[in-house]
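Here is what each chain is made of, one letter per residue.
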Amino acid sequence: MMQVGSTLPAHNLNLSLARRASFRNYTSPLNPLTRTPSSCSYSAAASVSSQTISRKAVSNSTEATRLHLANLDKLLQTQPPPKTQLDPQPGLDNYKDQNTGSVENRGKGLLEGLNLARLWPQVKAAEEMSPRHLNRLQRLLSKTGEYSPRNNLGTRWREYHGSNNWAGLLDPLDQDLRREVVRYGEFIQAAYHSFHSNPAMSAEEAQLPRHVALPDRSYKVTKSLYATSSIGLPDWVDDVAPDLGWMTQRSSWIGYVAVCDDKREISRMGRRDIVIALRGTSTCLEWAENMRAQLTQMPSTEGGEQAQAKVECGFLSLYKTGGEHVPSLSESVVEEVKRLMEQYKGETLSITVTGHSLGAAIALLVGDELKTCAEEMPSVAVFSFGGPRVGNRGFTKRMDDKNVKVLRIVNSQDVITRVPGIFIGEGVLEEKLKSAKVGGFVDMIDRNMPLAYSHVGTELRVDTKMSPYLKPNADVACCHDLEAYLHLVDGFLASNCPFRENAKRSLVRLLQDQGSNVKKLYTSKANNLTRLKLEREGLQMASCLPSPS
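To start, this report covers the structure provided alongside it. (Residues numbered from 1 in each chain as written. Predicted model: local features only at pLDDT ≥ 70, side-chain atom pairs only at ≥ 80, totals over all residues. Heavy atoms only, no water.)

**Focus: the pattern of salt bridges**
Point 1. In this structure the tally under the stated criterion is 22 salt bridges.
Point 2. Between Arg-272 and Glu-347 there is a salt bridge whose closest N-O contact spans 2.8 Å. Of this pair, Arg-272 sits in strand E3 (residues 272–278) while Glu-347 is found in the loop between helix H14 (329–343) and strand E6 (349–356), placing the two residues 75 residues apart along the sequence.
Point 3. With a closest N to O distance of 3.3 Å, Arg-408 and Glu-459 form a salt bridge. One end of the pair, Arg-408, is in strand E8 (residues 405–411); the other, Glu-459, is in strand E11 (residues 458–462), with 51 residues separating them in the sequence.
Point 4. Using a relative accessible area of 34% as the deciding quantity, one classes Glu-459 as partly exposed.
Point 5. Here the residues in one salt-bridge network are Glu-180, Arg-183, Asp-216, Glu-265 and Arg-268, joined through shared partners. (Salt bridge = Lys/Arg side-chain N within 4 Å of Asp/Glu carboxyl O. Helix = DSSP H or I, 4+ residues; strand = E, 2+ residues; numbered from the N terminus. Buried < 20%, exposed > 50% of the residue type's maximum accessible area, 1.4 Å probe, protein only.)

Encoded structure:
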């Protein structure tokens, strides 16, 4: 646009103003000679202003003309309004929502900042049906996995591995820790898929190491792990239901050991990581072991409170019992970890044990034994999803003394995390009992009651009700489902924050496994957008079976 400069000759002023039709409605309040009555129309005011300015410019000196034109130029010169950028919610990783700078988008951003959905539910419903949300749902229904970026952990890897018990990283949830938690959960999913693809095990000879499709290609599987029950079912059970023989077999494939074998990933994580992944309850005998909820003494060579360490009988049985053609899970894990430590001697190593449900319980036993099975043992951390209680206060003290770091991911709606037995001496309850001067009574219960359980480690608590996609009254199977856990962790910001808007985890598997627990609004959207054929009759527990522990 051509600007009126201060050097424009006075006799060309009328012509210049006539050409600037877009500014005829503006008059300079800085020039007293352009004042017109308020009752004049805009066009008349512009005409009178033009004639008055012209006469004054001819009669006055050149200095007055320059001063007036400079004032007029300042008035007509428009400046672009400053951009308004809303700060992203704390904890959002790499939040770069669209902001084109247009008036429409800026206005939308300001309206979104008002968060009207909290005031009027009708506005929330309209917002959920908006094209913007449909686009986001379509992205979340994409079968291509989209993950939060893997930032360089560098020298902070020990902090993310629990050296400070994850202090300051959980509420709000650190974006790098979120990514690591989801990644370890996907290792468990790979164990589930490998088992369900071929659950049977030969009774005559040990099977060859089975193929596991790892979600992270920078890792390679080095060992298959088997768990054996100390109890058995009558032989006639196999005769009655021969097709379900794998449900009654004493030994079953339960997980694997994998090691990071990619130089770039080792550099990103700051160490070479050894992962031990364990699936949850899937066979009849594993369910039976879960029901053996009485506490049993753990073997210990030390005295004091560690000598009072007790754990659930069924969990210890699955961990310590060997099969006919396979060693016990305990022996297999220790042997393989020692071998890898010798192979990568001199490197910085870490051991991460991760499990879901029954696997989460056994993961604690693995961590407890690994920490003292060899000299100069690397950092050992346990990431457990939906794990039940495992032992008493003596076992908790034993884990703390051995410096085994445990991060328990717990869904508030998951009943499995509140069994077996009763708990005492745990967190707030322990402090209240001590303040009431009944600490001796608590110790007496802990020593003598067969069901006096206590949780181990640091807790990361999520809630099914926080998800905008899941029904608030989702059933027990959904609240315990591993994919539901990963969905909740991926959307978790903080305990006092809503589900994060830029959650990246795909909803395809959640709809397939827990379609009846997803809100009808989103299942209908999913059907319209992707034509997914959801099973309406019952749940498909393709990823896990609920633990009855």
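**Comments concerning the sheet that holds strand E7 (residues 379–385)**
Point 1. Here we have 7 strands laid out as an open sheet, ordered E1-E2-E3-E6-E7-E8-E11, and mixed in their pairing. Edge positions in the sheet fall to strand E1 (219–228) and E11, since each of these pairs with one other strand and no more. Averaged over all adjacent pairs, the angle separating strand axes in this sheet is 20°, with direction ignored.
Point 2. In terms of strand pairing, E7 meets E8 through 5 bridges, oriented parallel. Within the sheet, the bridge partner assigned to Val-382 lies in E8 and is Val-406.
Point 3. The strands that H14 touches are E1, strand E2 (251–260), E3 and E6; relative to E1, the one it contacts most, it runs at about 160°. (Pairing = 2+ DSSP bridges. Axes fitted to C-alpha atoms, helices over the stretch in contact; angles between N-to-C directions. Contact = heavy atoms within 4.5 Å.)

**So, empty space enclosed by the protein**
Point 1. Enumeration according to the criterion identifies 7 cavities of 30 Å³ or more in this entry.
Point 2. When residues in the lining of the largest cavity are grouped by element, the largest group, 3 residues, is from helix H15 (residues 358–370).
Point 3. The class makeup of the residues in the lining of the largest cavity is 7 nonpolar, 4 polar and 2 charged. (1 Å grid on protein atoms, 1.4 Å probe; cavity = no way out; pocket = protein on both sides within 12 Å on 5 of 7 lines; lining within 4 Å. Points joined across faces, edges and corners; volume = space filled by probe spheres on them. Nonpolar A, V, L, I, M, F, W, Y, C, P; charged D, E, K, R; others polar.)

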